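Listed below, chain by chain, are the residues.
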Amino acid sequence: MQIRVAFFLLIAWASLAIGQAPPTVGMSSLVANVMEYEAVGDGVTDDTDAFQAAINTGKRVWVPANHTYILRRLTPVSGTAIECENWTAILKMKSGHNADLIRNEYSLPPVDNVSIQGCQIDGNKSQNTAGSAIQMSGKNILVEHNYIHDTPHACVVLGRPSGARNMRIVDNWCHNPARSGNFWGAFAFTGGDHLTMRRNLATTEDNFMSYAYDVEPNPGWVVGCVLIQDNIGIGGGLQVGTD
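This write-up is about the structure you can find in this document. (Residues numbered from 1 in each chain as written. Predicted model: local features only at pLDDT ≥ 70, side-chain atom pairs only at ≥ 80, totals over all residues. Heavy atoms only, no water.)

Here's the deal with the state of the cysteines
A complete count under the given rule lists two disulfides for this structure. The residue that forms a disulfide with Cys-84 is Cys-119, at a sulfur-sulfur distance of 2.0 Å. Sign of the S-S torsion, about 85° for the bond between Cys-84 and Cys-119, identifies this disulfide as right-handed. Taken together, the residues Cys-84 in strand β5 (residues 81-84) and Cys-119 in the loop between β8 (114-117) and β9 (120-122) connect sequence positions 35 residues apart. Among the residues examined, Cys-84 registers a relative accessible area of 0% and is labelled buried. A disulfide bridge connects Cys-155 with Cys-174, and the sulfur atoms are separated by 2.0 Å. (Disulfide = S-S within 2.5 Å. Helix = DSSP H or I, 4+ residues; strand = E, 2+ residues; numbered from the N terminus. Buried < 20%, exposed > 50% of the residue type's maximum accessible area, 1.4 Å probe, protein only.)

So, the pairing of β5
Neither face of β5 is open: one carries Ala-81 and Glu-83, the other Ile-82 and Cys-84, and all of them are buried. Across three bridges, the pairing between β5 and β8 is parallel. When the bridges of β8 are listed, Ala-81 appears paired with Ser-115. (Pairing = 2+ DSSP bridges.)

Side note on the sheet that holds strand β18 (residues 201-203)
Strand order in this open sheet of eight strands is β2-β4-β6-β9-β12-β15-β18-β21, and the pairing throughout is parallel. Strands with a single pairing partner mark the edges of an open sheet, and in this sheet they are β2 (42-46) and β21 (232-234). Recorded for the sheet is a direction-independent mean angle of 15° between the axes of neighbouring strands. Set on the sheet, helix α2 (residues 48-56) makes contact with β2, β4 (67-71) and β6 (89-93); between it and β4 the angle comes to about 90°. (Axes fitted to C-alpha atoms, helices over the stretch in contact; angles between N-to-C directions. Contact = heavy atoms within 4.5 Å.)

Description of the nonpolar core
Ranked by size, the top nonpolar core spans 46 residues in total, and within it Val-63, Ile-134 and Phe-187 carry the most contacts. Of all the elements, α2 adds the most residues to this core, at four residues. Residues within four places of Val-63 in sequence aside, it is in contact with Val-34, Phe-51, Tyr-69, Ile-82, Glu-83, Cys-84, Glu-85, Ala-89 and Leu-91. Membership of the second largest hydrophobic core comes to five residues, among which are Tyr-147, Trp-173, Leu-201 and Ile-232. (Core = buried A, V, L, I, M, F, W, Y, C linked by side-chain atoms within 4.5 Å.)

Examining the packing of aromatic side chains
Applying the stated criterion across every chain, the model contains four aromatic pairs. Ring geometry for Trp-87 versus Tyr-147: centroids 5.5 Å apart, planes at 40°, classification tilted. In this pair, Trp-87 sits in the loop between β5 and β6 while Tyr-147 sits in strand β12 (residues 147-149), placing the two residues 60 residues apart along the sequence. Across the pair, exposure class does not vary: Trp-87 and Tyr-147 are buried alike. Relative to Tyr-213, the ring of Phe-187 lies with its centre 5.7 Å away and its plane at 10°, an arrangement referred to as stacked. With Phe-187 in strand β16 (residues 187-189) and Tyr-213 in strand β19 (residues 213-215), the pair connects residues that are 26 residues apart, well separated along the chain. For the pair Phe-187 and Tyr-213, a shared accessibility class is recorded, and that class is buried. Put simply, the rings of Trp-87, Tyr-147 and Trp-173 pair up and form one aromatic cluster. (Phe/Tyr/Trp six-rings, centres within 6.5 Å; stacked < 30°, edge-to-face > 60°.)

Here we look at the pairing of strand β11 (residues 139-144)
Here β8 pairs with β11 via four bridges, running parallel. Bridging across to β11, Ser-115 finds its partner in Leu-142. With five bridges joining them, β11 and strand β14 (residues 165-170) adopt parallel strand pairing. The residue of β14 that forms the bridge with Lys-139 is Arg-165.

Note that all results are geometric; they support no functional claim without further evidence.
Now the structure itself:
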């Protein structure tokens, strides 16, 4: 087990050094760089409006490295692709936000063809009492190669009572999810079918993580055709059941 964890972390940090390829010259018609929408990334300024403006273009949203972006709720639209240059591009939940960071509301139509890749997401749970890093659903959702930590609730929750399909949580590291007294864990599916949870790592130092991996449909929801493979949980295991 220790060898597998060490290998996973080695690959993760090697990927951090390499990161995503930055947009090339002439790609502005396809890419929305958050800096071009007046994001500051100084760890103090609220950059929510800049990120949402970039998302609303429907282009690939590019988040440059070596910055900390303070954010409130981000609402993806169909076709949203948020790509961070590497894990030094930090999306940090604003103090006192107390809600999910990236989310589409269940009362709205589902979003399709959405991806979030290569980011560090800091849930800032010392300054927030509620909220997951990512909570959304739709068709063709990909959450891949992110380092998510210190979330008041879960790191990633994907699910919907209907219309959710082909949602994937792959190659992510969730560290220290949940606060004391909150029954939350790392990664969860709560509704949908053709779901994949693969090669993720869930760890905890403060021991508030109730589970590492959860397949638990909400009341009246259905989960079907699930692949759970090659995940590691240190401090929590797999939970399958119903609320």
